[in-house]
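Descriptive analysis of the structure
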Amino acid sequence: VKILLVDDEKDIAEILTFTFESEVEAEFLYAETGNQAIKVIGENSDIDLIVCDYNMPDGNGGDVYKHLLDNNIDIPYVMCSSDQPQDHNVFSNDKLLLSNIVKPDIFSGVEETLKKYEEYSHKTEDKETTKMSRNDSEYSMINIVMLKNLTSLPADIFIKVSEDKFLKVYNKDASFTQEDEDKYLQKNIKKLLVKKNDAKSFVDSICGQIESMIEEANGKSNEEKVLDIHSVIMETVSTLGLSKEIVRATEKSVEFAMEVFKENKEFKGLYKHIFGHQGKYITKHSIALAYVSCGLLRQLPWDTFENRNKLTIASFFHDAAIKVPDFDEGTDFDEIPDSVKNFKDHPGEAAELIKKFKEIPPDVDRIILEHHEKPDGTGFPKGLGASQISPLGSLFIVAHAVIECMFQLEDQQEKLNMEGVLDCINVEIYSQGNFKKVIGALKELNLFA
Ligand SMILES: [Fe+2]
Ligand SMILES: [Fe+2]
């Protein structure tokens, strides 16, 4: 089928494309305004479905709908907006109105739309309506770096050899070694396939593995374990999504990390582990952030177990929406690669991601949402001022700035000391409200003794 997607927000168009593509085989046309959509409709006589936003500059969704009615163009129309059709008079003739996707709940709206479209094409069987062929791939992708963490594979593993041919490459219960990983990486294969029905058993095994990584005496130091576990969690979240099981395994890992931080009276030791670790940037950055934010908290009257827990969980997940684990957040805005085009949205996306889990304590989503705000109002996504940012959020922002500076100094092979860090973070902007207290705590914190 050919679907015309009309939305002035590129992100929404992308999410729609992705959601439709994962359900059906479709071809897409795009427009960003109502008038552009009308032009595209005029130029393409084979459009099967129109999914259209309402509020857009230069012609709204109502104009598009009216154009279809006035010109007897018989294409089913789906309204995709935070408004409802009944909010606008133009839809009182609902002849072409197939369904309604209510933002932000796009997934269930698309499901509903596909059901309605199937009914519609059934009814109009005599007419020429393109059937949607369901994308019935039975496989999910799995990142190969996750496989070697498993003592044995919980289910069969496949590769795709042609459009409809899949080859089993590992049997259930087989082991996947470092050599196996190297073999695939050399061929530039980073993902293998598992049957969709087996995806959950992989998540379960990975979570079990995370727990035994904590307990196992495998010659690794506790500091290394904290870093190893974080990278397994990030890999799992980015390929198989965040689920209740992963959240539970994270809770245990966070508890373990807090113990390790407490025993680590000298930052030097942990610091060496962090920079020496083979993990990706995101892991080093997140663990360093957890350590520094807990350290800052200890100097402040808000120091409680709950708050330490909140800051550590926030550190673990704060950049989980950046799907490129090597991406350095210190990168200049105009040099951010296309693969990280969600950079401005990543705090909001990560906050949304964790909000659904009641296992995650309150306020963690707010800390994450605020982590790129700045007290002078120049941050993102909201450009909040110092007084609008929560106390734990303020602490986290300072800790995040400290970590970025330390990574910068490390890169430039400069000597690390508090003077250098204070110089680099531009202390002046942090002279208001809670930030002032946090900077006071930072100066007390003996990071580089
Ligand atoms: Fe970050
Ligand atoms: Fe971030």
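The notes below deal with the structure included here. (Residues numbered from 1 in each chain as written. Chains lettered and ligands numbered in written order. Predicted model: local features only at pLDDT ≥ 70, side-chain atom pairs only at ≥ 80, totals over all residues. Heavy atoms only, no water.)

1. Observations concerning helix H4 (residues 106-123)
Selection criterion: Helix numbers and strand numbers start at the N terminus; a helix is a DSSP run of H or I with at least 4 residues, a strand a run of E with at least 2. A helix's residues, less one, multiplied by 1.5 Å, set its expected span. Residue exposure (1.4 Å probe, protein chains only): buried if accessible area is under 20% of the type maximum, exposed if over 50%, otherwise partly exposed. It is the directions from the helix axis to the C-beta atoms whose arc is reported.
Over its 18 residues, H4 extends 25 Å from the first C-alpha to the last, a length consistent with the 26 Å expected when each residue adds 1.5 Å. If you check which residues of H4 are buried, you get Ile106, Gly109, Val110, Thr113, Leu114, Tyr117, Tyr120 and Ser121. For H4, the angular spread of the buried residues around the axis is 140°, confining them to a single face. Relative to its buried face, H4 has exposed residues pointing more than 90 degrees away, namely His122 and Lys123.

2. Focus: empty space enclosed by the protein
So the rule is basically this: Here a cavity means grid points, on a 1 Å grid over the protein atoms only, where a 1.4 Å probe fits yet cannot get out; a pocket means an open set of points with protein on both sides within 12 Å along at least five of seven lines; lining residues are those with an atom within 4 Å of a point. Grid points are joined across faces, edges and corners, and a volume is the space filled by probe spheres set on the points.
Scanning the entire structure with this criterion turns up 1 cavity of 30 Å³ or more. As a volume, the largest cavity reaches approximately 40 Å³. Lining the largest cavity are Tyr281, Ile282, His285, Asp319, Ile322, Val324, Pro325, Phe327 and Glu329.

3. Here we look at the coordination of the iron ion (ligand 1)
Worth spelling out the cut-off: The rule for donors is simple: an N, O or S atom within 2.8 Å of the metal counts, and for Na, K and Ca the reach is 3.2 Å. Water is not among the atoms, so a site may look short of donors.
For the iron ion (ligand 1), every protein donor is listed as His285 (NE2), His318 (NE2), Asp319 (OD), Glu329 (OE) and His400 (NE2), and the spread of their distances is 1.9 to 2.2 Å. Going along the chain, you hit the donors of the iron ion (ligand 1) in the pattern H-x32-H-D-x9-E-x70-H. A separation of 3.3 Å is found between the iron ion (ligand 1) and the iron ion (ligand 2), which are bridged by Asp319. Taken together, the positions of His318 in the loop between helix H12 (305-317) and helix H13 (346-355) and His400 in helix H15 (residues 391-411) put the pair 82 residues apart, joining distant regions of the chain. Among the residues examined, His318 registers a relative accessible area of 0% and is labelled buried. The class for His400 is buried, based on a relative accessible area of 3%.

4. Points about unusual backbone geometry
A cis geometry characterises the amide bond from Phe380 onward to Pro381, with omega recorded as 5°. Unlike most non-glycine residues, Asp58 shows phi in positive territory, near 55°. Relative to the helices and strands, Asp58 resides in the loop between strand S3 (49-52) and helix H3 (61-70). Residue Asp58 is classed as partly exposed on the basis of its relative accessible area of 47%.

5. Overview of the state of the cysteines
The test is simple: Disulfides are defined in this document as cysteine sulfur pairs within 2.5 Å.
Scanning the model with the defined rule gives 1 disulfide in all. Each disulfide pairs two cysteine sulfurs, and for Cys405 the partner residue is Cys424, the sulfurs being separated by 2.1 Å. Between Cys405 and Cys424, the S-S dihedral sits near -90°, and the bridge is therefore left-handed. One end of the pair, Cys405, is in helix H15; the other, Cys424, is in helix H16 (residues 418-425), and 19 residues separate them in sequence. Overall, the relative accessible area of 5% leaves Cys405 in the buried class. Cysteine Cys294 is unpaired, with the sulfur of Cys405 as its nearest cysteine sulfur at 20 Å. Its relative accessible area of 2% is what places Cys294 among the buried residues.

6. Structural notes on the coordination of the iron ion (ligand 2)
Within the protein, the iron ion (ligand 2) binds to Asp319 (OD), Glu329 (OE), His346 (NE2), His371 (NE2) and His372 (NE2); these donor distances fall in the range 1.9 to 2.2 Å. Along the chain, the residues that donate to the iron ion (ligand 2) are spaced as D-x9-E-x16-H-x24-H-H.

7. Remarks on the side chain of Asp7
We apply this condition: Two N or O atoms count as a polar contact when they lie within 3.5 Å, although within protein this holds only if one can serve as hydrogen donor and the other as acceptor, and sequence-adjacent residues are included solely when both atoms are side-chain atoms. By definition in these notes, contact holds between two residues if any of their heavy atoms fall within 4.5 Å.
As for its placement among the helices and strands, Asp7 is situated in the loop between strand S1 (2-6) and helix H1 (10-23). Looking at Asp7, its side chain comes within polar contact range of the main-chain nitrogen of Glu9, at 2.9 Å. Those residues within four positions of Asp7 in sequence are excluded, and the remaining contacts are Ile12, Ala31, Glu32, Asp53, Met56 and Lys103.

8. Section: a negative patch on the surface
Short version of the rule: Candidates for patches are residues over 30% relative accessible area with no salt bridge; among them, like charges are joined within 9 Å and nonpolar side chains (Val, Leu, Ile, Met, Phe, Trp, Tyr) within 5 Å. What sets the accessible areas is the Shrake-Rupley method with a 1.4 Å probe; for residues, cover comes only from the shown protein chains. Whenever Lys or Arg places a side-chain nitrogen within 4 Å of a carboxyl oxygen from Asp or Glu, that contact is recorded as a salt bridge. Just so you know, the count uses Lys and Arg for positive and Asp and Glu for negative, and it drops His and the chain ends. Charge positions are represented by NZ for Lys, CZ for Arg, CG for Asp and CD for Glu.
On the surface, a cluster of negative charge is made up of Asp8, Glu9, Asp11, Glu14, Asp345 and Glu349. Examined against the element boundaries, Glu9 turns out to sit in the loop between S1 and H1. Judged by relative accessible area, Glu9 falls into the partly exposed class, the value being 42%.

9. Notes on the nonpolar core
Rules: Joining through side-chain atoms within 4.5 Å is the link that ties buried Ala, Val, Leu, Ile, Met, Phe, Trp, Tyr and Cys residues into a set, and such a set is a nonpolar core.
With 100 residues, the main nonpolar core has Leu147, Leu296, Phe317 and Ile425 as its most contacted residues. With 13 residues, the single largest contributor to this core is H15. Setting aside residues up to four positions removed in sequence, Leu296 forms contacts with Leu395, Val398, Ala399, Val438, Ala441, Leu442 and Leu445. Counting 21 residues, the second-largest nonpolar core is a separate cluster that includes Val40, Ile41, Ile75 and Phe91.

10. Let's talk about the pattern of salt bridges
In total, this model carries 16 salt bridges according to the counting rule given. For the salt bridge of Glu112 with Lys116, the shortest nitrogen-to-oxygen distance reads 3.3 Å. One end of the pair, Glu112, and the other, Lys116, are both in helix H4, 4 residues apart, so they sit about a helical turn from each other. In this structure Glu112 comes out as partly exposed when scored by relative accessible area, which is 32%. Measuring nitrogen to oxygen at the nearest pair gives 2.8 Å for the salt bridge that ties Lys310 to Asp363. Note that Lys310 is positioned in helix H12 and Asp363 in the loop between H13 and helix H14 (364-369), a separation of 53 residues in sequence.

11. Concerning the layout of surface pockets
This is how the line gets drawn: Residue classes follow a fixed rule: Ala, Val, Leu, Ile, Met, Phe, Trp, Tyr, Cys and Pro count as nonpolar, while Asp, Glu, Lys and Arg count as charged, and any other residue, Gly among them, counts as polar.
Of the volumes computed, that of the second largest pocket is approximately 500 Å³. In terms of lining, the second largest pocket is formed by 24 residues, of which the most central are Glu329, His372, Lys374, Ala401 and Glu404. Counting only elements with at least two residues in the lining of the second largest pocket, the list comes to H15 and H16. Per-element tally for the lining of the second largest pocket: the top contributor is H15, with 6 residues. Grouping the constituent residues of the lining of the second largest pocket by class yields 10 nonpolar, 9 polar and 5 charged.

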